[in-house]
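# Inside the fold
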Amino acid sequence: QLFIKSGRGIAATDKALILEPRIREVAASLEGLLAEVDYEPLSDEKPIGIATNVELANPIFTALRGRLKSNAPEKTVKIIELGSRLSLADSLNRDDVDIAVSVRPIQVAPILDSVNLAEDTLKVFYDPTHSKAPNTLEKYLKAKHAVVDFGSNDKSEVSLFLESQSFTRNVAWAVPNFDALALLVEGSDLIVTQRAVLQESTFRNLSMCDTPVEFPTIYTDLFWHRRNEHSERSKWIRDMFG
């Protein structure tokens, strides 16, 4: 029994609640069978929905804008805040989200497919008018750090690596996005450990130096729901990312 009478309506039983995630996955797979056979992007009025926690000045999005300008200049793009990488599956279950762009999480939900878009190394950013380059491990760990916090239990690659080495850094500030992070570090003695590509955009006013220890490579991936694997619309959107 999946439902029971409740007042003038019905309510799900415990059995139905247990089955719900599996039923949703099956339903999503069935939706994929209805994928468009012939897709015409110029006649499709639905916006492209992109969930992301990557700064929009990233070269990934610069390249996307160029391809859209050449292939579908009137196409509307809607950016949805992804926040934590833990939100990937939930975001791609939304009707208004086609794909997601995110730093690769430790584990990817089985309902998602992905392809790598970019690789980057981590660097230390600082304001040279207020602090010197933290070029030793001791200076780095003692310095005041600023970090991005999307409001979840999802730890960054920096935090995970430092913990694995039993290192503890001094986190003085946590902010919700990269723009706020850059503004916070400018004019202060704070430092931030982030991808080197940010020096080309968001962190252009900051100096950059190598990290005192070798951090893992950072991968930025394109994600989509498996139900859309053969969707002509989804494939066209993914092709726009190169």
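Keep in mind that this is a model prediction, so the values were computed, not measured.

As a further point, take the overall build of the chain. When you go through the chain residue by residue, the secondary structure sums to seven helices and 12 strands. By its C-alpha atoms, the chain is 65 × 50 × 30 Å across when sized along the principal axes. In the chain, which comprises 242 residues, the share counted as buried stands at 43%. The contacts in the chain between residues at least 6 apart in sequence include a share of 76% that link residues at least 24 apart. When the accessible area of the chain is evaluated, it comes to approximately 14,000 Å², of which 51% is carbon and sulfur surface. The centroid of the 28 positive side-chain charges in the chain is displaced by 3 Å from the centroid of its 35 negative side-chain charges.

The buried fraction of strand 8 (residues 144–148) is high, at four of five residues. Inspection of the sheet shows strand 8 paired to strand 9 (residues 170–175) by five bridges, in the parallel sense. Counted as the bridge partner of Ala146 is Trp173 from strand 9. With respect to chirality, the unit in which strand 8 leads through helix 5 (residues 157–164) into the neighbouring parallel strand 9 is right-handed.

In total, this model carries four aromatic pairs according to the counting rule given. Where Tyr39 meets Trp236, the ring centres are 6.1 Å apart and the plane angle is 55°; that geometry is what we call tilted. You can see Tyr39 sitting in the loop between helix 1 (14–32) and strand 3 (48–52) and its partner Trp236 sitting in helix 7 (residues 232–239), a full 197 residues away along the chain. Considered together, Tyr39 and Trp236 belong to a single accessibility category, that of buried residues. Between Phe125 and Phe203 the ring centres are 4.8 Å apart and the planes differ by 70°, which places this aromatic pair in the edge-to-face class. Placement of Phe125 in strand 7 (residues 122–126) and of Phe203 in the loop between strand 10 (191–195) and strand 11 (207–210) is noted, with a sequence separation of 78 residues between them. A single burial state applies to Phe125 and to Phe203, both of which are buried. An aromatic cluster of at least three residues, connected via ring pairs, comprises Tyr140, Phe161 and Phe215. Between Arg104 and the ring centre of Tyr219, over which it is positioned, the NZ or CZ distance is 4.4 Å. Positioned above the aromatic ring of Trp224 is the side chain of Arg238, whose terminal nitrogen or guanidinium carbon lies 4.2 Å from the ring centre.

Okay, the environment of Leu122 next. Position of Leu122 relative to the elements: it lies in strand 7. Leu122 sits 88 residues away from Asp210 along the chain, and the two C-alpha atoms are 7.8 Å apart. Look past the residues within four positions of Leu122 in its chain and what remains in contact with it is Val158, Thr193, Gln194, Arg195, Thr211, Phe215, Pro216 and Ile218.

Rules of the game
- Residues numbered from 1 in each chain as written.
- Predicted model: local features only at pLDDT ≥ 70, side-chain atom pairs only at ≥ 80, totals over all residues.
- Heavy atoms only, no water.
- Helix = DSSP H or I, 4+ residues; strand = E, 2+ residues; numbered from the N terminus.
- Buried < 20%, exposed > 50% of the residue type's maximum accessible area, 1.4 Å probe, protein only.
- Contact = heavy atoms within 4.5 Å.
- Areas by Shrake-Rupley, 256 points an atom, 1.4 Å probe, with all protein chains shown as cover.
- Lys, Arg positive; Asp, Glu negative; His and termini not counted.
- Charge placed at Lys NZ, Arg CZ, Asp CG, Glu CD.
- Pairing = 2+ DSSP bridges.
- Right-handed = clockwise from strand over helix to strand, strands pointing away.
- Phe/Tyr/Trp six-rings, centres within 6.5 Å; stacked < 30°, edge-to-face > 60°.
- Lys NZ or Arg CZ within 6 Å of the ring centre and 35° of its normal.

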